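Here's the letter readout for the chains.
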Amino acid sequence: MRYRVPLSLLLLSLLCAGFLQLTSGSRQLNVEEQADQIGGQKLRRLQDEEEEGGQKVGICYGQMGGNQPPAHEAVELVQSVGIQRMRLYGPDHSALEALKNTGIEVVLGVPNEHLHMLSSGQDGADQWVQEYVKNYQDVKFRYIVVGNGIAPLHAQNSEFAEFLLPAMQNIKNAISASGLQDQIKVTTALDQSEILSQSSPPSAGEFRPDMRDFIDGIINFLVNNNAPLLVNIHPYFSYIYYKDEIPHGLGEPTKWFVNPRLKYALFQQTQSMVRDGSLGYTNVFDAMVDSVYSALEKANGSSLDVVVSEIGWPTAGAADANRKNAAAHNNNLINHVRNNGTPKRPHKSVETYIYSLFDENGKSPEVNKHWGVFWNNKQAKYEISFQG
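Residues numbered from 1 in each chain as written. Predicted model: local features only at pLDDT ≥ 70, side-chain atom pairs only at ≥ 80, totals over all residues. Heavy atoms only, no water.

**Digging into the overall build of the chain**
As a reminder, the rule being used: We count a stretch as a helix when DSSP gives it H or I for four or more residues in a row; a strand needs E for two or more, and each element gets its number in order from the N terminus. Per-residue accessibility, obtained with a 1.4 Å probe over protein chains only, is compared with the maximum for each type, and a residue is labelled buried under 20%, exposed over 50%, and partly exposed between these values. Should any heavy atoms of two residues lie within 4.5 Å, those residues are counted as being in contact. Note on areas: Shrake-Rupley with a 1.4 Å probe; residue coverage comes only from the protein chains shown.
Counting secondary structure elements, the chain contains 12 helices and 12 strands. Within the span of the chain, comprising 388 residues, buried residues form 49% of the whole. By sequence separation, contacts in the chain at least 24 residues apart represent 67% of the contacts at least 6 residues apart. Put simply, the chain shows about 19,100 Å² of open surface, and 49% of that area lies on carbon and sulfur atoms.

Here it is as structure tokens:
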């Protein structure tokens with residue numbers, strides 16, 4: 001016997017089914033839309049992070065070597081390994097020609113020897129910018145770095161100190177007159193070891209009192225022009241000369257264990273080795289950068305970013321200068337700055353330039369000849385990835 005469904009009940013069932021299908025479809029559409037939105041946000045964020053991450057680490061192109069490959073081959077090498085930023089210590093026409101239309105961001109140095117001329121009048125600065133910047137419109141300039149490592153009490157470059165700030169101002173005026181002030185920042189590069197009277201612990205970082213007039217003028221210029229302070233730091237020398245940034249009390253090597261001070265310099269510690277109030281430090285890079293931030297905070301420069309304009313590890317010429325340690329330091333450095341800030345500024349990555357592209361046999365003493373990441377035949381000294 002076949003069961004007959006009443007017509008009213010059948011109509012009610014059909015209506016309910018249609019409503020359920022409609023609301024289910026709406027819910028499904030909403031979920032899909034949300035997934036698309038979330039996925040799109042993640043993709044955009046990953047793309048942004050990938051683009052920014054590829055830009056965090058650059059290379060210094062020191063050219064004090066008589067046996068280096070020509071500039072166009074150096075630039076081709078930089079492109080081939082995915083480096084997107086390059087520091088030139090002075091204007092080199094061959095290098096600038098090679099850098100045209102590459103997309104590599106260029107940090108262009110003004111040699112110390114040029115400062116007297118540039119500080120003496122605006123015409124000289126205008127001509128300099130015309131010759132080395134405006135004539136290379138297809139080069140992507142990032143910073144003009146006026147002077148390198150200058151300090152009033154430095155044994156080798158104190159003679160340039162009085163010319164630095166006026167030269168910076170004249171170069172800035174020339175950049176602004178060219179309409180490039182929103183594209184190119186004017187700054188200088190100072191040596192952390194020369195400008196700080198104290199650096200350990202990092203919170204005690206302070207500029208030398210006998211250099212405050214010199215430093216304050218630079219800080220005021222950078223703050224007014226929203227430009228970063230470039231700082232050369234060298235953990236290798238802090239390690240080898242037992243400077244305070246790497247505390248003596250970290251321990252001594254044993255038959256079976258690597259020197260804890262060396263591990264602290266090479267980013268090989270996973271636990272905090274140095275405590276500074278509520279902050280902990282696993283590596284000397286962070287400690288050295290934060291010591292500069294602390295000094296800036298005490299000198300009305302807390303708004304400034306710090307760019308590490310020179311850092312590396314030698315492969316020969318002195319104790320613990322070898323390819324194994326250089327590989328550890330530079331690879332760990334790349335991964336660290338791509339993924340971390342410092343304890344003082346954990347959400348602010350540190351733009352960093354590794355020294356150097358090639359060895360420079362024109363330098364002295366011996367250890368200063370061997371900081372190249374690549375041999376002068378363009379072969380890598382050790383395995384390294386600039387993409388992290």
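**Examining the sheet that holds strand E11 (residues 306-311)**
Paired through their backbone hydrogen bonds, the strands of a sheet run either parallel or antiparallel. As a reminder, the rule being used: In this scheme, strands are said to pair when DSSP sees at least two bridges between them. Axes, fitted as lines to C-alpha atoms, cover a helix only where it is in contact. Angles between the N-to-C directions of the axes lie from 0 to 180 degrees.
If you walk around this closed barrel you meet the eight strands as E1-E2-E3-E4-E5-E8-E11-E12, and the pairing is parallel. Each neighbouring strand pair of the sheet contributes to a mean axis angle of 25°, computed without reference to strand direction. With four bridges connecting them, strand E8 (residues 229-232) and E11 associate as parallel partners. Paired with Leu229 across the strands is Val306, a residue of E11. Strands in contact with helix H11 (residues 284-297) are E8, E11 and strand E12 (352-355); relative to E11, the strand with the most contacts, it is inclined by about 135°.

**Concerning the pattern of salt bridges**
Here is the rule we go by: The rule for a salt bridge is simple: a side-chain nitrogen of Lys or Arg has to be within 4 Å of a carboxyl oxygen of Asp or Glu.
Under the counting rule described, the total for this entry stands at 14 salt bridges. Close ionic contact of Glu97 with Lys100 constitutes a salt bridge, the shortest N to O distance being 3.3 Å. Between Arg142 and Glu351 there is a salt bridge, with its nearest N and O atoms 3.0 Å apart. Taken together, the residues span a long stretch of sequence, with Arg142 in strand E4 (residues 140-148) and Glu351 in the loop between helix H12 (323-339) and E12 at a distance of 209 residues. Glu351 sits in the buried class, given a relative accessible area of 10%. Through salt bridges with shared partners, a single network forms among Arg85, Glu105, Arg142 and Glu351.

**Overview of the environment of Asp213**
Turning to its location among the elements, Asp213 is positioned in helix H8 (residues 212-224). Assessed through its relative accessible area of 73%, Asp213 is described here as exposed. Taking C-alpha positions, Asp213 is 9.9 Å from Pro152, a pair spaced 61 residues apart along the chain.

**Side note on the pairing of strand E3 (residues 105-110)**
Quick reminder of the rule: Here is how to tell: hold the view so the strands point away, follow the path from the first strand over the helix to the second, and if it runs clockwise the crossover is right-handed.
The element E3 is largely enclosed, with a buried count of six among its six residues. Neither face of E3 is exposed, since Glu105, Val107 and Gly109 on one face and Val106, Leu108 and Val110 on the opposite face are all buried. Judged from the four bridges that link them, strand E2 (residues 85-88) and E3 form a sheet pairing that is parallel. Counted as the bridge partner of Met86 is Val106 from E3. Crossover handedness for the path E2 to helix H3 (residues 93-99) to E3: right-handed.

**Structural notes on the packing of helix H5 (residues 122-132) against helix H6 (residues 161-177)**
Worth spelling out the cut-off: Each angle receives one of four descriptions, namely roughly parallel if under 35 degrees, roughly antiparallel if over 145, roughly perpendicular if within 65 to 115, and oblique otherwise. Helix crossings fall into two classes, left-handed where the near helix is turned counterclockwise from the far one by less than a right angle and right-handed where it is turned clockwise.
Two numbers describe how H5 lies on H6: the axes approach to 8 Å, and their chain directions differ by 55°. One finds that H5 runs oblique with respect to H6. Relative to H6, H5 is oriented so that their crossing is right-handed. Between H5, through Gln122, Ala125, Asp126, Trp128 and Val129, and H6, the contact on the second element is made entirely by Asn170, Ile171, Asn173, Ala174 and Ile175.

**Remarks on unusual backbone geometry**
Backbone torsion omega between Tyr355 and Ser356 reads 10°, so that peptide bond is classified as cis. With respect to the helices, strands and loops of the structure, Ser356 is situated in the segment after E12. Look at Asn226: it is not a glycine, yet its phi comes out positive at around 50°. Structurally, Asn226 is set in the loop between H8 and E8. Backbone geometry places Asn300, a non-glycine residue, at a positive phi of 60°. As for its placement among the helices and strands, Asn300 is situated in the loop between H11 and E11. Among the residues examined, Asn300 registers a relative accessible area of 72% and is labelled exposed.

**Notes on H5**
Here is the rule: Think of the arc as the fan of directions from the helix axis to the C-beta atoms.
Three or more residues of H5 are buried, namely Gly124, Ala125, Trp128, Val129 and Tyr132. An end-on view of H5 places all buried positions within 130° of arc, on one side of the element. Exposed side of H5, more than 90 degrees from the buried face: Asp123 and Gln127 are the residues found there.

**With respect to the side chain of Asn325**
Definition in use: Under this definition, polar contacts are N or O atom pairs within 3.5 Å; protein pairs additionally need one hydrogen-donor-capable and one acceptor-capable atom, and for neighbouring residues in sequence, both atoms have to be side-chain atoms.
Looking at the secondary structure, you find Asn325 in helix H12. Since its relative accessible area comes to 8%, Asn325 is described here as buried. At a separation of 3.0 Å, a polar atom in the side chain of Asn325 contacts the main-chain carbonyl oxygen of Asp320. Ignoring anything within four residues of it in the chain, the contact list for Asn325 reads Leu262, Leu266, Trp313 and Asp320.

**Digging into helix H2 (residues 71-80)**
Those residues of H2 not exposed but buried are Ala71, Ala74, Val75, Leu77 and Val78. One side of H2 holds all its buried residues, which, seen down the axis, span an arc of 155°. Along its buried surface, H2 packs onto strand E1 (57-61), E2 and H3. Two residues or fewer after H2 comes Gly82, characterised by a positive phi angle close to 80°.

**Here we look at the packing of aromatic side chains**
The geometry of an aromatic ring pair is captured by two quantities: the separation of the ring centres and the angle between the planes. Rules: Stacked, edge-to-face and tilted are the three classes for Phe, Tyr and Trp ring pairs, Trp counted by its six-membered ring, which pair at centre distances within 6.5 Å; planes under 30 degrees apart are stacked, over 60 edge-to-face, the rest tilted. Counting as a charge over the ring demands two things of the Lys NZ or Arg CZ atom: a distance within 6 Å of the ring centre and an angle within 35 degrees of the ring normal.
Overall, the coordinates contain 11 aromatic pairs when judged by the stated rule. Each ring, one from Tyr239 and one from Trp313, has its centre 6.2 Å from the other, and the planes form 35°; the classification is tilted. Taken together, the residues Tyr239 in helix H9 (residues 235-240) and Trp313 in the loop between E11 and H12 connect sequence positions 74 residues apart. Trp313 gets classed as buried once you look at its relative accessible area, which sits at 0%. Here the aromatic residues Tyr89, Tyr236, Phe237, Tyr239, Tyr241, Trp313, Tyr355 and Trp371 are joined through ring pairs into a cluster of three or more. Between Arg261 and the ring centre of Tyr242, over which it is positioned, the NZ or CZ distance is 4.2 Å.

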